[in-house]
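Observations on the model geometry
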Amino acid sequence: MRDKPRIGRLLAVVCLLAGMIAAAVPASADVRIVGGTKASTDDYPFVVYLASTDGFQFCGGTLASSIKVVTAAHCVKGQTAGEISVVAGRDDKKSKTEGVEVPVKGVWTHPKYTDALAGHDVAVLTLAKPITRYSPLPIATSNDHSAYEQDTMATILGWGRTASGGQTSQYLLKADVPIVSDSSCSDSFTKYNSNWMVCAGYPQGGIDGCQGDSGGPMVAHGRLLGISSWGEGCGLPNKPGVYTRVMAYYTELMQQIKTPLP
Ligand code: ARG
């Protein structure tokens, strides 16, 4: 891989469990996100990817304003702003012309974040110049409890792996997954904490986020409900994807997003 040692280390640490299981479980041929279909930033203008200075896509993100991108803390922890750029409006990672690539000038990670399994996996990037051609997505507010109800259909988006242990996608993919109840997700994962995480996926598996989708959006009712955070393998039965519960961070996120231009 062309990815930088630091990113490799981050993914290695954060996705250790997922990676080990991904390696142990043979990926079936039709799993593609995993189980996704091609999508366009024309329809999802808020979805962005994070790239290292050599152009390597390592995570996803969501435009929350013209200069703020919400992503996962595990995607950017330990990196400086200068090592990250944000790419908007580019469905095809290999395109040199589609969309815009903007340097990052500030990185905020949640002060309580240590690792994804412990929660608080949320970060906000400040862009060096505004992105105005692609519209942002409102984040879930503290009144959005009902949006997190079991079986609410949510859309996940990303350029991550299309199979456990496989390669990341050249194109933006999307999938629709139902939100899983807290009790069911606690049965799946001992580390699940319903205060700041939310799960989505099918009991039978097959459709899920995967490595490289981290930081990217889970959307329903026109709001950012979740941030791709962790899982165990990808698309395994009774192992839904785990997302940062955006609603739980509304106040802190708004403080970051609303930070006025200097
Ligand atoms: N930690 C992974 C990453 O860094 C995201 C894993 C999401 N996994 C899942 N099964 N939904 O990209």
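Keep in mind the model is a prediction, meaning the values are calculated, not measured. (Residues numbered from 1 in each chain as written. Predicted model: local features only at pLDDT ≥ 70, side-chain atom pairs only at ≥ 80, totals over all residues. Heavy atoms only, no water.)

Brief notes about the overall build of the chain
Here is the rule we go by: Helix and strand assignments follow DSSP, with helices taken as H or I runs no shorter than four residues and strands as E runs no shorter than two, numbered in order from the N terminus. Buried residues are those whose accessible area, probed at 1.4 Å on protein chains only, stays under 20% of the maximum for their type, while exposed residues exceed 50% and partly exposed ones sit between those limits. Method for areas: the Shrake-Rupley scheme with a 1.4 Å probe, in which residue coverage is limited to the protein chains shown.
From N to C terminus, the chain includes five helices and 13 strands. The buried share among the 262 residues of the chain stands at 59%. Surface accessibility of the chain: about 11,000 Å² in total, with carbon and sulfur atoms responsible for 53%.

Observations regarding the sheet that holds strand 7 (residues 123–127)
Under the convention used in this document: In short, DSSP must find at least two bridges between two strands for them to pair. Every axis corresponds to a line fitted to the C-alpha atoms, with the helix fit spanning only the stretch in contact, and the corresponding angles, defined between N-to-C directions, vary from 0 to 180 degrees. Residues count as neighbours in contact if any of their non-hydrogen atoms are within 4.5 Å of one another.
What the six strands build is a closed barrel, ordered 2-3-4-7-6-5; its pairing is antiparallel. Between one strand axis and the next, the sheet turns by 40° as a mean value, whatever way the strands run. For strand 4 (residues 68–71) and strand 7, the ladder comprises four bridges, and the chain directions are antiparallel. Across the sheet, Val 69 pairs through a bridge with Leu 125, a residue of strand 7. The sheet contacts of helix 5 (residues 250–257) involve strand 4, strand 6 (100–109) and strand 7, and relative to strand 4 the element is tilted by about 150°.

Quick notes on the state of the cysteines
What counts here: Two cysteine sulfur atoms make up a disulfide if the distance between them is within 2.5 Å.
Taken as a whole, this structure holds three disulfides when the rule is applied. The disulfide that involves Cys 185 links it to Cys 199, with 1.8 Å between the sulfurs. Handedness of the Cys 185-Cys 199 disulfide follows from its S-S torsion of about -65°: it is left-handed. Of the two residues, Cys 185 is situated in helix 4 (residues 182–188) and Cys 199 in strand 10 (residues 197–200); the sequence distance between them amounts to 14 residues. Considered together, Cys 185 and Cys 199 belong to a single accessibility category, that of buried residues. Between the sulfur atoms of Cys 210 and its disulfide partner Cys 234 the distance amounts to 2.1 Å. Taking the sign of the S-S torsion, 80° for the link of Cys 210 and Cys 234, the bridge is right-handed. In this pair, Cys 210 is assigned in the loop between strand 10 and strand 11 (217–220) and Cys 234 in the loop between strand 12 (223–230) and strand 13 (241–245), connecting sequence segments 24 residues apart.

Comments concerning the pairing of strand 11
Residues Pro 217 and Val 219 line one face of strand 11 and the alternating positions Met 218 and Ala 220 line the opposite face, and both faces are buried. Two strands pair when backbone bridges link them, and strand 8 (residues 153–158) and strand 11 are joined in this way by two bridges, in the antiparallel orientation. The partner of Thr 155 across the bridge, within strand 11, is Val 219. Here strand 11 pairs with strand 12 via four bridges, running antiparallel. Along strand 12, the bridge assignment pairs Val 219 with Leu 224. Linking two consecutive strands that pair antiparallel, namely strand 11 and strand 12, is a turn of two residues; a positive phi of about 55° is found at His 221 within it.

Points about the confidence of the model for the chain
Formally: pLDDT is defined as a per-residue confidence score from the predictor, taking values between 0 and 100.
Residues with a pLDDT of 70 or more make up 86% of the chain, whose mean pLDDT is 89. Considering only residues more than four positions removed or in separate chains, one finds that residues 1–32, a stretch of pLDDT under 50, has 46 contacts.

Quick look at the side chain of Arg 245
Note on placement: Arg 245 falls in strand 13. Leaving out residues up to four positions away in the same chain, Arg 245 has contacts with Tyr 148, Asp 182, Tyr 192, Ser 194, Asn 195, Trp 196, Met 197, Val 198 and Leu 225.

Here we look at helix 5
Applied cut-off: Working definition: the arc comes from the directions between the helix axis and the C-beta atoms, pointing outward to the latter.
Leu 253, Met 254, Gln 256 and Ile 257 are the residues of helix 5 that are buried. Down the axis of helix 5, the buried side of the element spans an arc of 160°, and every buried residue falls inside it. Exposed and oriented more than 90 degrees from the buried face of helix 5 are Thr 251 and Gln 255. In this structure, the buried side of helix 5 is in contact with strand 4, strand 6 and strand 7.

With respect to the nonpolar core
If you look at soluble globular proteins, the nonpolar side chains tend to sit buried side by side. Under the convention used in this document: Definition of nonpolar core: a set of buried residues of the types Ala, Val, Leu, Ile, Met, Phe, Trp, Tyr and Cys, connected through side-chain atoms within 4.5 Å.
Among the nonpolar cores identified, the biggest contains 64 residues, and Leu 50, Val 70, Val 86, Met 218 and Leu 253 are the most heavily contacted of them. For this core, the element with the highest residue contribution is strand 2 (residues 47–52), accounting for five residues. Sequence-distant contacts of Val 86, defined by excluding residues within four places in its chain, comprise Val 48, Tyr 49, Leu 50, Val 69, Val 100, Glu 101, Val 102, Val 104, Leu 125, Leu 127 and Ile 131. Residues Cys 185, Phe 189, Tyr 192 and Cys 199 belong to the second largest nonpolar core, which totals nine residues.

A word on the packing of aromatic side chains
Filter applied, for reference: Only Phe, Tyr and Trp rings take part, Trp by its six-membered ring, and two of them pair if their centres are within 6.5 Å. Stacked means planes under 30 degrees apart, edge-to-face means over 60, and tilted covers everything else. Whether a charge sits over a ring comes down to the Lys NZ or Arg CZ being within 6 Å of the ring centre and within 35 degrees of the ring normal.
Taken as a whole and judged by the stated rule, the model has three aromatic pairs. Considering the side-chain rings of Tyr 44 and Phe 46, the 6.1 Å spacing of their centres and the 85° angle between planes classify their relative orientation as edge-to-face. With respect to burial, Tyr 44 and Phe 46 carry one shared label: buried. Looking at Lys 38, its charged tip hangs above the ring of Tyr 171, at a distance of 3.8 Å from the centre.

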